[in-house]
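Notes for the structure review
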Amino acid sequence: MLSAENLLEKIPVLAISGDNSAVDSILYETLKVLLKGVDADIGQINLLPKGGRVEKICIIKDGKPWLKKGLNMHLFEPSRGFTGLVIATGQSILVEDIWAESTKEVPNPFLELASAMNENYINDIKNPVAGILILPVKKDNDTFCTIELSRYRGRAPFNEMEEKLVNDFAVRYGSLLMDYVIDVRTRAAINMAHQKLTT
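Quick caveat: nothing in here was measured; it's all calculated off a predicted structure.

1. Some words on the environment of Leu7
Counting through the fold element by element, Leu7 comes out in helix 1 (residues 5-15). C-alpha separation for the pair Leu7 and Leu177, spaced 170 residues apart in sequence, amounts to 9.7 Å. Dropping the residues within four chain positions of it, Leu7 is found in contact with Glu29, Thr30, Val33, Phe169 and Leu177.

This is how it looks when you write it as structure tokens:
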């Protein structure tokens, strides 16, 4: 079982500020626990809206936040690719090689959309990896976000035991984490509206 004791101690402190940076901090701290727990090289959290495009994306590569300004990564369409399969089924997915060629029997949904992805994202985040693990984080049976963990090409792919570890983490702590995220985002929106009214 992945330990979240330190994470659960940090999150209330991080949430106090009530601004959007607190949401990023909560997501990054969550990713760090999962990356360490299954020895992944890259981690990504996609916050999903009720419909349409992803609202927020957080990425850690080699222990450091990767997302760069101006990439518009939040505009990607979550209903496609392997992430789309996770959202549609509500189940995690284990992929040994995201670059494996499609066949008639087993199409590769990642390759179908890779050409439309941001070039920097493909070069820095997708090109170096082979194995990935994507899981849903649910609140009231709705998938509120997806978490994607990746390992560099040449390393052993994730296995079913590691998939179970992260799934157990998501089931046990996912709803609580999302409650904090929702609360902080709501307060941030209220604060922003108040500032606009008073300026």
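Resuming the write-up.
2. Section: the sheet that holds strand 5 (residues 129-139)
One open sheet holds the six strands; their spatial order is 3-2-1-6-5-4, and the pairing between them is antiparallel. Edge strands, defined here as strands with exactly one partner in the open sheet, are strand 3 (64-65) and strand 4 (93-95). Here six bridges tie strand 1 (residues 42-47) to strand 2 (residues 56-61), and the two strands are oriented antiparallel to one another. Opposite Leu47, over in strand 2, you have Lys56 as the bridge partner. Each of strand 1, strand 2, strand 3 and strand 6 (142-152) touches helix 2 (residues 20-38); the most contacted strand, strand 2, lies at about 40° to it.

3. Things to note about helix 1
For helix 1, the full list of buried residues reads Leu7, Ile11 and Ala15. The buried residues of helix 1 occupy an angular sector of 55° when the element is viewed end-on, so they sit on one face. Every exposed residue of helix 1 that faces more than 90 degrees away from the buried side is listed here: Glu5, Asn6, Glu9 and Val13.

4. Regarding the packing of aromatic side chains
All chains considered together, the criterion is met by three aromatic pairs. With centroids separated by 5.2 Å and ring planes inclined at 55°, the aromatic side chains of Phe169 and Tyr173 adopt a geometry described as tilted. Taken as a pair, Phe169 and Tyr173 lie in helix 6 (residues 160-197) at a separation of four residues, close to a single helical turn. Tyr173 carries the same exposure label as Phe169, and that label is buried.

5. Describing the packing of helix 1 against helix 2
Interaxial distance between helix 1 and helix 2 falls to 9 Å at its minimum, and their mutual angle equals 170°. Considered as vectors, helix 1 and helix 2 are oriented roughly antiparallel to each other. For the pair formed by helix 1 and helix 2, the contact residues are Leu7, Lys10, Ile11, Leu14 and Ala15 on the first element and Ala22, Ser25, Ile26, Glu29, Thr30 and Val33 on the second. When grouped by side-chain class, the residues that make up the contact of helix 1 with helix 2 number seven nonpolar, two polar and two charged.

About the cut-offs
- For every chain, the first residue of its written sequence is number 1, and the numbers climb from 1 along that sequence.
- For this predicted model, a pLDDT threshold of at least 70 governs which residues receive local features, and a threshold of 80 or more governs which side-chain atom pairs are given and counted, while totals over whole chains, interfaces and linings are taken from all residues.
- Remark: hydrogens and water are excluded; side-chain values derive from all non-hydrogen atoms of the structure.
- Counting from the N terminus, the helices are the DSSP runs of H or I reaching at least four residues and the strands are the DSSP runs of E reaching at least two.
- By definition, residues are in contact when any of their heavy atoms lie within 4.5 Å.
- Each pair of strands is called paired provided DSSP finds at least two bridges between the two strands.
- Orientation is described by axes fitted as lines to C-alpha atoms, over the contacting stretch for helices, and by angles from 0 to 180 degrees between their N-to-C directions.
- Partly exposed residues are those whose accessible area sits between 20% and 50% of the maximum for their type, while under 20% is buried and over 50% is exposed, using a 1.4 Å probe and protein chains only.
- Here the arc refers to the directions that run from the helix axis out to each C-beta atom.
- Any two of the Phe, Tyr and Trp rings considered here, Trp counted by its six-membered ring, make a pair once their centres fall within 6.5 Å; the pair's planes then place it as stacked at under 30 degrees, edge-to-face at over 60, or tilted in between.
- Any angle that falls under 35 degrees is termed roughly parallel, while one over 145 is termed roughly antiparallel, one within 65 to 115 roughly perpendicular, and all others oblique.
- Three residue categories are used. Nonpolar comprises Ala, Val, Leu, Ile, Met, Phe, Trp, Tyr, Cys and Pro, charged comprises Asp, Glu, Lys and Arg, and polar comprises the others, including Gly.

Shape descriptors only; they carry no functional weight alone.
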